[in-house]
Amino acid sequence: MYDVVLLTLGSERDAPGGCGSGGACCGGAAEADTDKTSQTDTDKTSGTGGDAEHCATERPRVPVLACADALTMRGARVETVTARSDAEIDAVLARLDGPARPDGLTWPDPDGKTRLVVATASDGQLRAVLRRLVRRYAPAPSRRPVDLPGDRTLPDLPPVAVLPLDPARGGTQRDLAAQLGLPRDPAAVAAAVVDGTPRRLDLLRNDAGSVTLDGALLGAADDAGRPLRWRARVEVDDTILTDGDEPLLACAVGNAGGYATLDDVTLLTAPDPADGQVEVAVAVPVVVRSALGRKRVRLEVRRARGRAVSVLPREGKVPYLDDGVEGELTRKRSWWVEPGAWAVWSS
């Protein structure tokens, strides 16, 4: 028999220091400011994370209750928890800890009987939980244990089950659960938790102290929907996609396919969240002349794959979306792949 915690992220508008900071809904607040080594860039509250209609309500929503009932029918002991702060998320994650280690590190229990279901209204909320898992279990570089894989900075994180709360995100605006082919029906999610197997996936960490599950899209448009031009140096491993001297319209950093296309332009061709690599693309406007001498602008998309990517803005602030959460980049940001670091329960 398993103990199952069904975790919903709530709103903490009436108290300081909510989930991430600023009293916003979990997953939509400024993440970087909570990390000692963070830079000044911030993730802003957005419609996917901080808007009241996307936050969990005070009472469990119907999918949560249905999933809890289905788990109980399968013999699990179920507890529903609404976390309104990072501290409350951490209290739930502590139940996934393993036995004490000789080196004193907090490590997940590989044989734990407690399983976690995260009810999410957005990918940003799922990211909020994974961010806390990373902060709980990633050792400091000075305390790196010998049993940690050489290509990783953290151990295998405990598997989580995903219970989507927004059925529409499984359609045209596909969330990460839809991209991964995970069940959306509460009963099917319960079956995956009790009878399924962990499916390990890559995780993107970044030097601002956060994580990325799906991907990031850098760039913005004006009020008329026209893309604004900006400049940045973009490197993938040893490949320079742009040195910062030419204008860009967009840059996509893809672990999965949420930002594979922009309007009718294909940015990422084959992002795979389990191949140990990140796919990166930049869209560069290039002026060409026709046979009659007329000028026109052609969009050139440059792509590269690797283990790490860095983006260094050359001027001003660069707006971006990271797992659906808005932010502004003012300094160099680096992402790197942690192969197979996290996992989902899959049927």
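Predicted model, so just to flag it, every value in this text is computed and none were measured. (Residues numbered from 1 in each chain as written. Predicted model: local features only at pLDDT ≥ 70, side-chain atom pairs only at ≥ 80, totals over all residues. Heavy atoms only, no water.)

A look at the pairing of strand β19 (residues 333–346)
- Within β19, 13 of the 14 residues are buried, leaving the element largely enclosed by the surrounding structure.
- For strand β6 (residues 197–206) and β19, the ladder comprises 9 bridges, and the chain directions are antiparallel. If you follow Arg200 over to β19, its bridge partner there is Ala343.
- As paired elements, strand β16 (residues 308–313) and β19 share 4 bridges and run antiparallel to each other. Bridge pairing links Val309 to Trp335 in β19. (Buried < 20%, exposed > 50% of the residue type's maximum accessible area, 1.4 Å probe, protein only. Helix = DSSP H or I, 4+ residues; strand = E, 2+ residues; numbered from the N terminus. Pairing = 2+ DSSP bridges.)

A few points about the pattern of salt bridges
- Evaluation of the coordinates by the stated rule reveals 22 salt bridges.
- Ionic pairing is found between Arg226 and Asp222, a salt bridge with its closest N-O pair at 3.1 Å.
- The exposure class of Asp222 is partly exposed, given its relative accessible area of 24%.
- Measuring nitrogen to oxygen at the nearest pair gives 2.5 Å for the salt bridge that ties Arg302 to Glu246. Highlighted residues: Arg302 in strand β15 (residues 295–306) and Glu246 in the loop between β10 (239–243) and β11 (250–254), separated in sequence by 56 residues.
- Judged by relative accessible area, which is 21%, Glu246 ranks as partly exposed.
- Overlapping salt bridges bring together Asp86, Asp90, Arg131 and Arg132 as one network. (Salt bridge = Lys/Arg side-chain N within 4 Å of Asp/Glu carboxyl O.)

Focus on the packing of aromatic side chains
- Evaluated as defined, the whole model comprises 0 aromatic pairs.
- Positioned above the aromatic ring of Trp107 is the side chain of Arg101, whose terminal nitrogen or guanidinium carbon lies 4.3 Å from the ring centre.
- One residue, Arg115, lies across the ring of Tyr2, its end atom 3.7 Å from the ring centre. (Phe/Tyr/Trp six-rings, centres within 6.5 Å; stacked < 30°, edge-to-face > 60°. Lys NZ or Arg CZ within 6 Å of the ring centre and 35° of its normal.)

Focus on the packing of helix α2 (residues 86–93) against helix α3 (residues 123–137)
- The geometry of α2 relative to α3 is characterised by a closest axis approach of 10 Å and an angle of 65 degrees between their N-to-C directions. By the angle between their axes, α2 is roughly perpendicular relative to α3. Judged by the twist between their axes, the crossing of α2 over α3 is right-handed. On the side of α2, the interface is formed by Asp86, Ile89, Asp90 and Leu93, while α3 contributes Val129, Arg131, Arg132, Leu133, Arg136 and Tyr137.
- Partitioned by chemical class, the residues of the contact of α2 with α3 number 5 nonpolar, no polar and 5 charged. (Axes fitted to C-alpha atoms, helices over the stretch in contact; angles between N-to-C directions. Parallel < 35°, antiparallel > 145°, perpendicular 65-115°, else oblique. Left-handed = near helix turned anticlockwise from the far one by under 90°. Contact = heavy atoms within 4.5 Å. Nonpolar A, V, L, I, M, F, W, Y, C, P; charged D, E, K, R; others polar.)

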